[in-house]
Amino acid sequence: MPPDKAARTQNDYSRWLADRRAGIDAELHDGARAEAAWSWARLLAFALAAVIWYPFKAIPTLAGVAVAAAIALFAATIAMHRRVWLRREFLRSQLTVAKESAERAGGQVTVVRRGGRPMDIALEGGTPPPLLPAGKTWPLTEQERDDLDLYASPAGLFGLLNRASTHVGATRLRDDLENPRLEPNRILARQAAIRWLGAHHAERLRLLAALEGVRRLDDSLAGFAEAVADARLILPTPLAWVARIWSIAGIVLAAFAIDRIAAGDRIWAAVPVSLLLLNVALLGPFWTRLRQWQQRWEQAASFAEGYLAVARQACADLPSRDVAPSPPAVNDVAQTNTAEGGSATLELATLRDAFARVARAPALPAALRWMHWAAGGGLIQIVLNAFALYHVHVLERLHRHIVPHREAVRSGIAALAELESILSFACFAAEQPGTTWPRPVGEVELFITAGTHPLLPPGRAVPNDLSLDSSHNLWLITGSNMSGKSTFLRTAGVNALLAQAGSAVCATQMRFSPVRLMTDLRIRDNLGKSESYFLAEVRQVRRMILPPEDDAPILGLVDEPFRGTNHQEQRAATLAIVEHVARSRGMFLIATHDRTVAATLDGAAGSFHFQEELGEKELIFDYRLRPGPAETRNALRVLEREGYPPELVARAHLWAQDGGAD
């Protein structure tokens, strides 16, 4: 996307966001007045129900009708008051996520949610498998995660992207980042889903607002997953009907006995006592289990309510299969219209279908109603359990709605996690200026125009180009410390990672072949593995020299190879490595201070450099990549300017001239 068009797009989104926030504020103000009005109406309806019988007391039938009508009116006002309250809560959630988006709009480098690497959590019944298979992937190692600042502090790539409200959503985003896709069709399918939500601001905001309702409910989610996995049919259908008839008969008999006792016939006192003892005997062996189920569902109800709201919002806002258009043709990549990755919004339609199965009336909505009946306790429920086997019937009905829809409910949790990951990338596409949608290609290629790093503020990021392919697969980058070499390598790696996740990238144009990303940018010794700094680096680079058999090419990023050994052996090893990888099928960016390496391999690799100027007080960098090896030598001049002894500086200049090295 041209820079002027990207700027207009970003400004359009910022204006839309400001207008939407103003609109939400106005709706909240109007909603507050409506909520107050319905609150008064509810109070008046209650008062009316309490006194309406009096004018009609001489006509009991008419008084009963009047009271029933007043109670119905009271119930209606309660329903309307709750409806207005829920609407205001949803508007507040929209305002929350709109404010979060405003924090990132314009590419501000800030963490809106959590930036640390989420750890796996064990859900009862197992973590639901991904609903949208990623196909063949390449798992990043801890080395790549560290080199590319996925979880850096105060802001890493994960933190920049993360908008997940649940731990399962954050974990799904983590997996999408750490396991870049290798199949172009899978990449295109995910890109289409992210692109659709990135362009549909209102739908994205509403979905994020619905998900805001399940924030801080991870314990309730775990309890819900445990309750769903453990749900069992308590009674076979015939026995369930026998239990219901028994409970109804018991209530009727107990009521009749109490009436007779009130009339002075004490002999009937044995009836409720006998019923109580018999029901206690029946419940006794199962009471502990019933209480466990009841407490578990009580804990799960909070998440279940939010989960149902998300499912319903997804059904309203995600595109269906009927309206999903086909994607445009992409260079050398065969397109299909199958579940394997064809339709431009097929992934979103798949999520919508999963949520629709959850939101069906016999599934979660019915189960949630019985969860509310199961919650609580107190004297009334004790009496109902004693005379009517209350929790047996409530939990029996609840489980009858859960068990047939167990897999649909579990798949819905997987859909929720997928949706949170896609929304995170969609927010990045909408909020980050200077982005484009990369195009996967069949041949070995990595072409980036005006690429920048997303962790650099847009005002400070200097764009640079990159072009690697099978005939020119290696660039050597020279330049001094802090000139931009490492940032350039990370820019290439991060944008390749984003592209293979289906995300927008920080560039004006990008073509890429899916790659197995390997890096050697920050090597540390590992005492736990008895690895020295040099041995750790040797083993990391060996992965690029002897890669596993695979169709996907390597993208190798190496910063100052073999810096853990002496200069002579470092140069020899670097020359041998560069010669080797130049003949391989992969693509490589190697940064080095040693200009001799670039001069020796002239013609075998592309040579580029960053340069700096020595200002009056400090080195001045423009961070622009230039062709050819670096020519400037400023290190010793910096020593001189910083007040080192003149004889020391002179001796250093002499050794530099004799040694011919930086």
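Note that the structure is predicted; figures quoted are calculated from it, not measured.

Caption draft 1: Looking closely at the overall build of the protein. Within the protein, the regular secondary structure consists of 22 helices and 14 strands. Its C-alpha atoms give the protein a radius of gyration of 34 Å, more than 25% over the compact-globule value 26 Å for 662 residues. Residue burial in the protein is summarised as follows: out of 662 residues, 48% are buried. Across the protein, every contact between residues at least 6 apart in sequence was considered, and the portion connecting residues at least 24 apart equals 79%. Counting only carbon and sulfur atoms, one obtains 59% of the accessible surface of the protein, whose full area is about 30900 Å². Of note, the protein has its 72 positive side-chain charges centred 9 Å away from the centre of its 70 negative side-chain charges.

Caption draft 2: Representation of the nonpolar core. The biggest cluster of nonpolar side chains holds 145 residues, and the ones touching the most others in it are Leu 197, Phe 224, Trp 297, Phe 355 and Met 371. In contact with Trp 297, not counting residues within four places along its chain, are Phe 224, Ala 227, Val 228, Ala 231, Met 371, Leu 395, Leu 398, His 399 and Ile 402.

Caption draft 3: Molecular detail of the packing of helix H2 (residues 60-104) against helix H7 (residues 201-212). Between H2 and H7, whose axes approach to 8 Å, the crossing angle comes to 110°. One way to sum up the angle between H2 and H7 is to call them roughly perpendicular. On H7, the residues touching Phe 90, Ser 93, Gln 94, Thr 96, Val 97 and Ala 98 of H2 are Leu 205, Arg 206, Leu 208, Ala 209, Ala 210 and Glu 212. For the contact of H2 with H7, a count of residues per class yields seven nonpolar, three polar and two charged.

Caption draft 4: The arrangement of the pattern of salt bridges in detail. Counted according to the given criterion, the structure contains 32 salt bridges. For Arg 87, the salt bridge goes to Glu 27, with nearest N and O atoms at 2.8 Å. Highlighted residues: Arg 87 in helix H2 and Glu 27 in helix H1 (residues 3-51), separated in sequence by 60 residues. Take Arg 87: its relative accessible area is 40%, and that puts it in the partly exposed class.

Caption draft 5: Expanded view of the sheet that holds strand E4 (residues 464-469). A sheet is described by the order of its strands in space; here four strands give the open sequence E2-E7-E3-E4, paired in mixed fashion. For this open sheet the edge positions go to strand E2 (439-440) and E4, each flanked by a neighbour on one side alone. Direction of pairing for strand E3 (residues 445-451) relative to strand E7 (residues 509-512): antiparallel, over a ladder of four bridges. Counted as the bridge partner of Thr 449 is Gln 509 from E7. Running over the sheet, helix H17 (residues 485-500) touches E3, E4 and E7 and is turned about 75° from E7.

Caption draft 6: Fine view of the pairing of strand E10 (residues 587-592). Most of E10 is tucked away: six of the six residues are buried. Alignment of strand E5 (residues 474-478) against E10, held across five bridges, turns out to be parallel. Paired with Leu 474 across the bridge in E10 is Phe 588. Both strand E9 (residues 554-559) and E10 contribute to a ladder of five bridges, which runs parallel. Within E10, the position partnered with Leu 555 by the bridge is Met 587.

Caption draft 7: Examining the environment of Phe 512 more closely. By secondary structure assignment, the location of Phe 512 is in strand E7. Remark: the alpha-carbon pair of Phe 512 and Glu 445, spanning 67 residues in sequence, is separated by 5.3 Å. Leaving out residues up to four positions away in the same chain, Phe 512 has contacts with Ile 187, Pro 438, Arg 439, Pro 440, Val 441, Glu 445, Leu 446, Ala 499 and Gln 500.

Caption draft 8: Looking closely at the pairing of strand E11 (residues 606-609). With four bridges connecting them, E5 and E11 associate as parallel partners. Of the residues in E11, the one forming a bridge with Thr 478 is His 609. By the bridge criterion, two bridges tie E11 to strand E14 (residues 626-627) in an arrangement that is antiparallel. Across the sheet, residue Phe 608 finds its bridge partner in E14, namely Pro 627.

Caption draft 9: Region of the structure containing the packing of aromatic side chains. In this structure the tally under the stated criterion is eleven aromatic pairs. An angle of 5° between the planes, with centres 6.4 Å apart, marks the rings of Trp 475 and Phe 488 as stacked. Residue Trp 475 is found in strand E5, and its partner Phe 488 is found in helix H17; the two are separated by 13 residues along the sequence. A relative accessible area of 6% places Phe 488 in the buried class. One Lys or Arg, Arg 516, reaches over the ring of Trp 138 and ends 5.7 Å from the middle of that ring.

Parameters and conventions
- Residues numbered from 1 in each chain as written.
- Predicted model: local features only at pLDDT ≥ 70, side-chain atom pairs only at ≥ 80, totals over all residues.
- Heavy atoms only, no water.
- Helix = DSSP H or I, 4+ residues; strand = E, 2+ residues; numbered from the N terminus.
- Rg over C-alpha atoms; globule rule 2.2 N^0.38 Å.
- Buried < 20%, exposed > 50% of the residue type's maximum accessible area, 1.4 Å probe, protein only.
- Contact = heavy atoms within 4.5 Å.
- Areas by Shrake-Rupley, 256 points an atom, 1.4 Å probe, with all protein chains shown as cover.
- Lys, Arg positive; Asp, Glu negative; His and termini not counted.
- Charge placed at Lys NZ, Arg CZ, Asp CG, Glu CD.
- Core = buried A, V, L, I, M, F, W, Y, C linked by side-chain atoms within 4.5 Å.
- Axes fitted to C-alpha atoms, helices over the stretch in contact; angles between N-to-C directions.
- Parallel < 35°, antiparallel > 145°, perpendicular 65-115°, else oblique.
- Nonpolar A, V, L, I, M, F, W, Y, C, P; charged D, E, K, R; others polar.
- Salt bridge = Lys/Arg side-chain N within 4 Å of Asp/Glu carboxyl O.
- Pairing = 2+ DSSP bridges.
- Phe/Tyr/Trp six-rings, centres within 6.5 Å; stacked < 30°, edge-to-face > 60°.
- Lys NZ or Arg CZ within 6 Å of the ring centre and 35° of its normal.

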